[in-house]
Amino acid sequence: MIQFPNAKVNLGLYITKKRKDGYHDIETCMIPIPLYDALEISTAEKTSYTSTGLTIPGKEQDNIILKALKLLRKDFNELPHIKIHLHKAIPMGAGLGGGSADGAFAIKMMNSLFDLHLEDWFLEDYAAQLGSDCPLFIENTPKIATGRGEILEPVKLDLEGCWIALVNPQIHIGTKEAYASIQPKSPEFDLKKTLADRSLWREQLKNNFEASIFPKHPAIAQIKESLYNQGAFYAAMSGSGSTVFGLFEKEPDLSEWPDNYFTFRGELKF
């Protein structure tokens, strides 16, 4: 079985409260975008994992797909061995949720492959145990996320036929650095009302991380400004960065960016 886990971006990201468990409560809208990894899972005599494409840092046992298998085996201890191959194309640590997507898609694929017949709400519960962004990719539609990101509410957005451009300057933003200067507070505007009117997005839809990250990394701030200069109707950093995205009415030209930057453009389908 082969499927194609996709990335996401955040339309607004507000850090509203620090929790006793060490996480933060957030409020954001996450949307799936057409940038994909490729994941193949099949039954085998012995469980194995291989990967191609972008190099994945860390130890193999820390891989989120193997964690997904281990999680399901807690409740379904007779699951057969599987052969896993991941082709990695979504940049890691870039605010795009690529690892979360791989884990969530692995859960969905094993649900189908092993005929577990688990409904989406059950799969979302498993996905939340893997990571805060993971539940989004079960239904894989635009959602408003609260709590630590696992509480999801559907939202209708009119972006059919619009284009998204991604620009990543290959600057690594660590989690500690991203949260170091954050002062949690609720958004100034009602997120649902703002999302309903695209003309409000530029002024009202904010990513709280930009205020602390942009002064330290002016190259990231410059990307956002450049995307607006190219005609984006909305631009922002996704997650804690360092990817910046722009939304356009027409296909954008990304030829101006340096060769060492990661760039991508694609048409949205919702």
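Residues numbered from 1 in each chain as written. Predicted model: local features only at pLDDT ≥ 70, side-chain atom pairs only at ≥ 80, totals over all residues. Heavy atoms only, no water.

*Asks:* So what about the state of the cysteines? Which residues, and what values?
*Replies:* As enumerated under the stated definition, the model contains zero disulfides in all. Not engaged in a disulfide, the cysteine Cys134 finds its nearest cysteine sulfur in Cys29; these two sulfurs lie 18 Å apart. Cys162 carries a free sulfur, and the closest cysteine sulfur to it, the one in Cys29, is 14 Å from it. Accessibility expressed as a relative area gives 3% for Cys162, which makes it buried. (Disulfide = S-S within 2.5 Å. Buried < 20%, exposed > 50% of the residue type's maximum accessible area, 1.4 Å probe, protein only.)

*Asks:* For the nonpolar core, give the residues involved together with the corresponding values.
*Replies:* In this structure, Leu11, Leu166, Leu195, Trp201, Leu227 and Tyr234 are the most contacted members of the largest nonpolar core, which totals 54 residues. By residue number, the principal contributor to this core is strand E2 (residues 6-18), which donates six residues. Sequence-distant contacts of Leu195, defined by excluding residues within four places in its chain, comprise Leu11, Cys29, Ile144, Val155, Leu157, Trp201 and Leu205. By size, the runner-up hydrophobic cluster in this structure holds 35 residues, among which are Leu72, Ile84, Ala101 and Ala127. (Core = buried A, V, L, I, M, F, W, Y, C linked by side-chain atoms within 4.5 Å. Helix = DSSP H or I, 4+ residues; strand = E, 2+ residues; numbered from the N terminus. Contact = heavy atoms within 4.5 Å.)

*Asks:* Mind laying out the packing of helix H1 (residues 64-75) against helix H2 (residues 98-113), listing which residues take part and the relevant values?
*Replies:* Angle between the axes and distance between the axes: these two values describe a pair of packed helices. Viewed as axis vectors pointing N to C, H1 and H2 meet at an angle of 40 degrees, and their least axial separation amounts to 8 Å. Relative to H2, the element H1 lies oblique. In terms of crossing hand, the pair formed by H1 and H2 is right-handed. Contacts from Ile64, Ile65, Ala68, Leu69 and Leu72 of H1 reach H2 at Gly99, Ser100, Asp102, Gly103, Ala106, Ile107 and Met110. Per-class residue counts for the contact of H1 with H2 are eight nonpolar, three polar and one charged. (Axes fitted to C-alpha atoms, helices over the stretch in contact; angles between N-to-C directions. Parallel < 35°, antiparallel > 145°, perpendicular 65-115°, else oblique. Left-handed = near helix turned anticlockwise from the far one by under 90°. Nonpolar A, V, L, I, M, F, W, Y, C, P; charged D, E, K, R; others polar.)

*Asks:* Which residues make up the layout of surface pockets, and what values go with them?
*Replies:* Of the pockets and cavities examined, the largest pocket occupies roughly 1300 Å³. As for the largest pocket, its lining consists of 48 residues, of which Gly93, Gly97, Ser100, Asp133 and Thr175 are closest to the centre. Elements represented by at least two residues in the lining of the largest pocket include exactly E2, strand E3 (24-36), H1, strand E6 (82-88), H2, helix H3 (120-130) and helix H5 (175-180). For the lining of the largest pocket, the class distribution of residues is 18 nonpolar, 21 polar and nine charged. The volume enclosed by the second largest pocket comes to roughly 180 Å³. Forming the boundary of the second largest pocket are Leu54, Ala89, Pro91, Met92, Gly93, Ala94, Asn168, Gln170, Ile171, His172, Ser242 and Phe262. Among the residues making up the lining of the second largest pocket, the classes are represented as seven nonpolar, five polar and no charged. (1 Å grid on protein atoms, 1.4 Å probe; cavity = no way out; pocket = protein on both sides within 12 Å on 5 of 7 lines; lining within 4 Å. Points joined across faces, edges and corners; volume = space filled by probe spheres on them.)

*Asks:* How would you explain the environment of Leu39 if you had to name every residue and give the values?
*Replies:* On the secondary structure map, Leu39 appears in strand E4 (residues 38-43). Taking the relative accessible area as the measure of exposure, Leu39 reaches 0% and is therefore buried. In the structure, Leu39 is positioned 84 residues away from Leu123 in sequence and 18 Å away in space, judged by C-alpha atoms. With sequence-adjacent residues up to four places away left out, Leu39 is seen in contact with Met1, Ile2, Gln3, Pro5, Ile65, Ile84, His85, Leu86, Asp102, Phe105, Ala106 and Met109.

*Asks:* Help me get a handle on helix H9 (residues 218-229), residues and values and all.
*Replies:* For H9, spanning twelve residues, the distance from its first C-alpha to its last is 16 Å, which sits close to the expected 16 Å at 1.5 Å a residue. Turning to H9, its buried residues number three or more, namely Ile220, Ile223, Lys224, Ser226, Leu227 and Tyr228. On its buried face, H9 sits against strand E9 (163-168), helix H7 (201-204), helix H8 (210-216), strand E10 (234-237) and strand E11 (244-248). Looking at the residues trailing H9, positive phi occurs at Gly231, about 115 degrees. (Expected span 1.5 Å × (residues − 1).)

*Asks:* Lay out the pairing of E3 with the relevant residues and their values.
*Replies:* The buried fraction of E3 amounts to ten of the 13 residues, a majority that puts the element mostly inside the structure. Of the pairings in the sheet, the one linking E2 to E3 comprises eleven bridges and is antiparallel in character. Bridging from a neighbouring strand, Ala7 pairs with Ile33 of E3. Remark: five residues form the turn of the hairpin made by E2 and E3, two consecutive strands paired antiparallel; Gly22 in that turn has positive phi of roughly 95 degrees. (Pairing = 2+ DSSP bridges.)

*Asks:* Quick rundown of the sheet that holds E6? Include the residues and the values.
*Replies:* Spatial strand order, E1-E4-E6-E5: four strands in an open sheet with mixed pairing. Edge strands, defined here as strands with exactly one partner in the open sheet, are strand E1 (2-3) and strand E5 (48-53). Note that E4 and E6 share six bridges and pair antiparallel. Among the inter-strand pairings, Ser42 is bridged to a residue of E6, identified as Lys83. Against the sheet, H1 contacts E4, E5 and E6, and its axis sits at roughly 150 degrees relative to E6. Contacts from H2 reach E1, E4 and E6, with the element oriented near 30 degrees to E4.

Scope: geometric values only; no functional claims are made or implied.
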